[in-house]
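# An overview of the molecular structure
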Amino acid sequence: MLSSSRKVTVIGGGSWATALVKILAENPGTKVNWWLRDKKDVEHIKRHHYNPSYLSDVYINPKRVTPYESLTSALKGTEYVVLAIPAAFVKDPFSGISGKIFEKKQVISAVKGLLPDDHLLVTDWLARDFSVSKENLSAIGGPCHAEEVALGKQSYLTIASHSLESAAKVASILTCRFVSAGASDDLYGVEYAAVMKNIIAMACGITHGLGYGDNFQAVLVSNAMSEIEHFLNAVDPRPRQLSASAYLGDLLVTAYSQFSRNRLFGNMIGRGYSVAAAQLEMKMIAEGYYAARSIHRINLRHGVPMPISEMVYQVIYENVPPATAVEALKKALH
Ligand SMILES: NC(=O)C1=CN([C@@H]2O[C@H](COP(=O)(O)OP(=O)(O)OC[C@H]3O[C@@H](n4cnc5c(N)ncnc54)[C@H](OP(=O)(O)O)[C@@H]3O)[C@@H](O)[C@H]2O)C=CC1
Ligand SMILES: O=C(CO)COP(=O)(O)O
């Protein structure tokens, strides 16, 4: 834990943003400016000290956390900025805002998705559109559901950056009594693995919804690990230990947890919901829905055999019936 003081801006009002605000505010030296897009939520948090829309059991300490509806005010004077909005919407709050908005700040992506129009990692977008330097960019990875953070359950995060020093600095502000955050210099590996495990969790949901059991899912997840490995080696070859929790751990928690939105989304598809009906039913965002298309597009350049991700792509975007797509996938598993 840190002892000196620091200021952090969290951008986003969903479950992960709320959980990160809780983690950050655990440290007495941290002041959090919290931007939410909905003015009513801002007023509610100021008055009642909880987010009415997500994780409403989490107490928001007014001595450490100030909610804002103005993004420029929320960013004033802070050293760290955490982006916690689903990738499909992460650009929205910044439309019409100057490219210098992140100057001299450490910018941290908590997003586990790709920008769906550009098929870009969030840190690549930040570097491209806001000229954030490599040393000032990092991403939060690791197996961690917001719902368990809300309950104060012991969790582990991995902060990845091209600069190990920056990753360690960010890890120190995210370490608290129930979260242990470590540092990694594998920014692309950690970000892409976090994106891909969402697609795999959808595959687990689809097969479970179709009636496949734990035996099948164990084979699916084992095969998925080598699918992720081959993809990472194609997009960013370097030595990495995939048994580390930022890779395997995040895959496991998302594939198996009752809290996983991606698994739930896939499960509805497997049980016969249309994609549109599953989206309507879900109150939160399943990043794997967008990621399946972006990873498919990126892989057109690399040609990595990815039968599980392709199965999800075919079901979601090519209207292949789930049972037919999984029947074909079975031949590729071992
Ligand atoms: N939840 C978790 O356990 C974890 C999530 N993540 C990642 O964190 C990211 C955020 O997800 P999460 O918080 O869970 O998502 P949620 O589904 O819980 O919340 C979505 C948030 O996005 C907001 N939003 C929707 N559209 C826009 C928009 N156009 N402009 C600004 N904000 C918008 C919603 O606002 P409103 O409520 O006003 O509609 C809401 O605050 C994702 O990439 C996810 O993969 C990573 C680790 C754990
Ligand atoms: O990334 C997560 C856990 O580490 C959250 O996964 P879901 O979005 O599927 O809930």
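Being a predicted model, the structure only gives us computed values, none of them experimental. (Residues numbered from 1 in each chain as written. Chains lettered and ligands numbered in written order. Predicted model: local features only at pLDDT ≥ 70, side-chain atom pairs only at ≥ 80, totals over all residues. Heavy atoms only, no water.)

Moving on: empty space enclosed by the protein. Applying the stated rule across the entire model yields 1 cavity of 30 Å³ or more. Lining the largest cavity are Ala 292, Ile 295, His 296, Met 306, Ser 309, Glu 310 and Tyr 313. When contributions to the lining of the largest cavity are tallied by element, the ones reaching two or more residues are α12 (287–302) and α13 (307–317). Of the residues belonging to the lining of the largest cavity, the class tally is 4 nonpolar, 2 polar and 1 charged. (1 Å grid on protein atoms, 1.4 Å probe; cavity = no way out; pocket = protein on both sides within 12 Å on 5 of 7 lines; lining within 4 Å. Points joined across faces, edges and corners; volume = space filled by probe spheres on them. Helix = DSSP H or I, 4+ residues; strand = E, 2+ residues; numbered from the N terminus. Nonpolar A, V, L, I, M, F, W, Y, C, P; charged D, E, K, R; others polar.)

So, on to the packing of helix α8 (residues 214–235) against α12. With their axes 11 Å apart at the nearest point, α8 and α12 run at an angle of 60° to one another. Read as a crossing pair, α8 and α12 show a hand that is left-handed. Here Phe 231, Ala 234 and Val 235 of α8 come into contact with α12, specifically with Ile 295, Ile 298, Asn 299 and His 302. A class-by-class count of the residues in the contact of α8 with α12 yields 5 nonpolar, 2 polar and no charged. (Axes fitted to C-alpha atoms, helices over the stretch in contact; angles between N-to-C directions. Left-handed = near helix turned anticlockwise from the far one by under 90°. Contact = heavy atoms within 4.5 Å.)

Attention now moves to the environment of Arg 301. Tracing the backbone through its elements, the reader meets Arg 301 in helix α12. A residue is classified by how much of its surface remains accessible, and Arg 301, at 65% relative accessible area, is exposed. Along the backbone, Arg 301 and Ile 97 are 204 residues apart, and their C-alpha atoms lie at a distance of 33 Å. (Buried < 20%, exposed > 50% of the residue type's maximum accessible area, 1.4 Å probe, protein only.)

Turning our attention to the pattern of salt bridges. In the structure shown here, the tally under the stated rule is 12 salt bridges. A salt bridge links Lys 197 to Asp 250, with the nearest nitrogen and oxygen atoms 3.9 Å apart. Of this pair, Lys 197 sits in helix α7 (residues 187–210) while Asp 250 sits in helix α9 (residues 245–256), and the two are 53 residues apart along the sequence. With a relative accessible area of 5%, Lys 197 lands in the buried category. Of the charged contacts, one joins Lys 330 and Glu 327 as a salt bridge, the two residues approaching to 3.2 Å between their closest N and O atoms. Of this pair, Lys 330 and Glu 327 are both found in helix α14 (residues 322–330), 3 residues apart, which corresponds to roughly one turn of the helix. By relative accessible area, which is 35% here, Lys 330 ends up partly exposed. Looking at Glu 327, the relative accessible area reads 40%, which means it is partly exposed. (Salt bridge = Lys/Arg side-chain N within 4 Å of Asp/Glu carboxyl O.)

Of note, Leu 187 is situated in helix α7. With 26 residues separating them in the primary sequence, Leu 187 and Ser 161 have C-alpha atoms 4.7 Å apart. When sequence neighbours within four positions are dropped, the list of residues in contact with Leu 187 reads Thr 123, Ser 138, Ala 139, Ala 160, Ser 161 and His 162.

Position of Val 122 among the secondary structure elements: in helix α4 (residues 122–130). Sequence separation between Val 122 and Val 82 is 40 residues, and the spatial gap between their C-alpha atoms is 12 Å. Sequence-distant contacts of Val 122, that is, excluding residues within four places in its chain, are made with Leu 83, Ser 109, Val 111, Gly 113, Leu 115 and Glu 191.

A few words now on the packing of α7 against α13. It is the contact of α7 with α13, at a shortest axis distance of 9 Å, that shows an interaxial angle of 70°. Relative to α13, the element α7 lies roughly perpendicular. Handedness of the crossing formed by α7 with α13: left-handed. Listed contacts from α13 to Met 196, Ile 199, Ile 200, Met 202, Ala 203 and Ile 206 of α7 are Ile 308, Ser 309, Met 311, Val 312, Val 315 and Ile 316. Residues of the contact of α7 with α13, tallied by class, amount to 11 nonpolar, 1 polar and no charged. (Parallel < 35°, antiparallel > 145°, perpendicular 65-115°, else oblique.)

Now for the pairing of strand β4 (residues 80–83). On β4, burial covers both faces: Tyr 80 and Val 82 on one face and Val 81 and Leu 83 on the other are all buried. Examined bridge by bridge, strand β1 (residues 6–11) and β4 share 4 bridges and lie parallel to one another. When the bridges of β4 are listed, Ile 11 appears paired with Leu 83. (Pairing = 2+ DSSP bridges.)

Attention now moves to the UniProt feature "domain: Glycerol-3-phosphate dehydrogenase NAD-dependent C-terminal" (unreviewed entry) in the protein. Annotation from UniProt places "domain: Glycerol-3-phosphate dehydrogenase NAD-dependent C-terminal" (unreviewed entry) at residues 186–327. Helix makes up 76% of residues 186–327 and strand 0%, whereas the separation of the span's terminal C-alpha atoms amounts to 35 Å. (UniProt positions renumbered as here; feature names shortened; annotations may be inferred.)

We now examine unusual backbone geometry. In the Ramachandran plot, His 49 falls in the positive-phi region, its phi being about 65° despite a non-glycine side chain. Positionally, His 49 belongs in the loop between α2 (39–48) and β3 (65–68). Notably, Lys 104 is not glycine yet its phi reads approximately 60°, a positive angle. You can see Lys 104 is positioned in the loop between β4 and β5 (106–109).

A general tendency of soluble globular proteins is for nonpolar side chains to be buried together. Residues Phe 265, Ile 295, Met 311 and Val 312 are the most contacted members of the largest nonpolar core, which totals 54 residues. Elements with a minimum of two residues in this core: α7, α8, α9, α10 (261–270), α11 (275–281), α12, α13 and α14. Here this core takes 12 residues from α7, the largest share from any one element. Here Val 312 is in contact with Ile 199, Met 202, Ala 203, Ile 206 and Ala 292, once residues within four sequence places are set aside. By size, the runner-up hydrophobic cluster in this structure holds 39 residues, among which are Trp 16, Leu 55, Val 149 and Ile 159. (Core = buried A, V, L, I, M, F, W, Y, C linked by side-chain atoms within 4.5 Å.)

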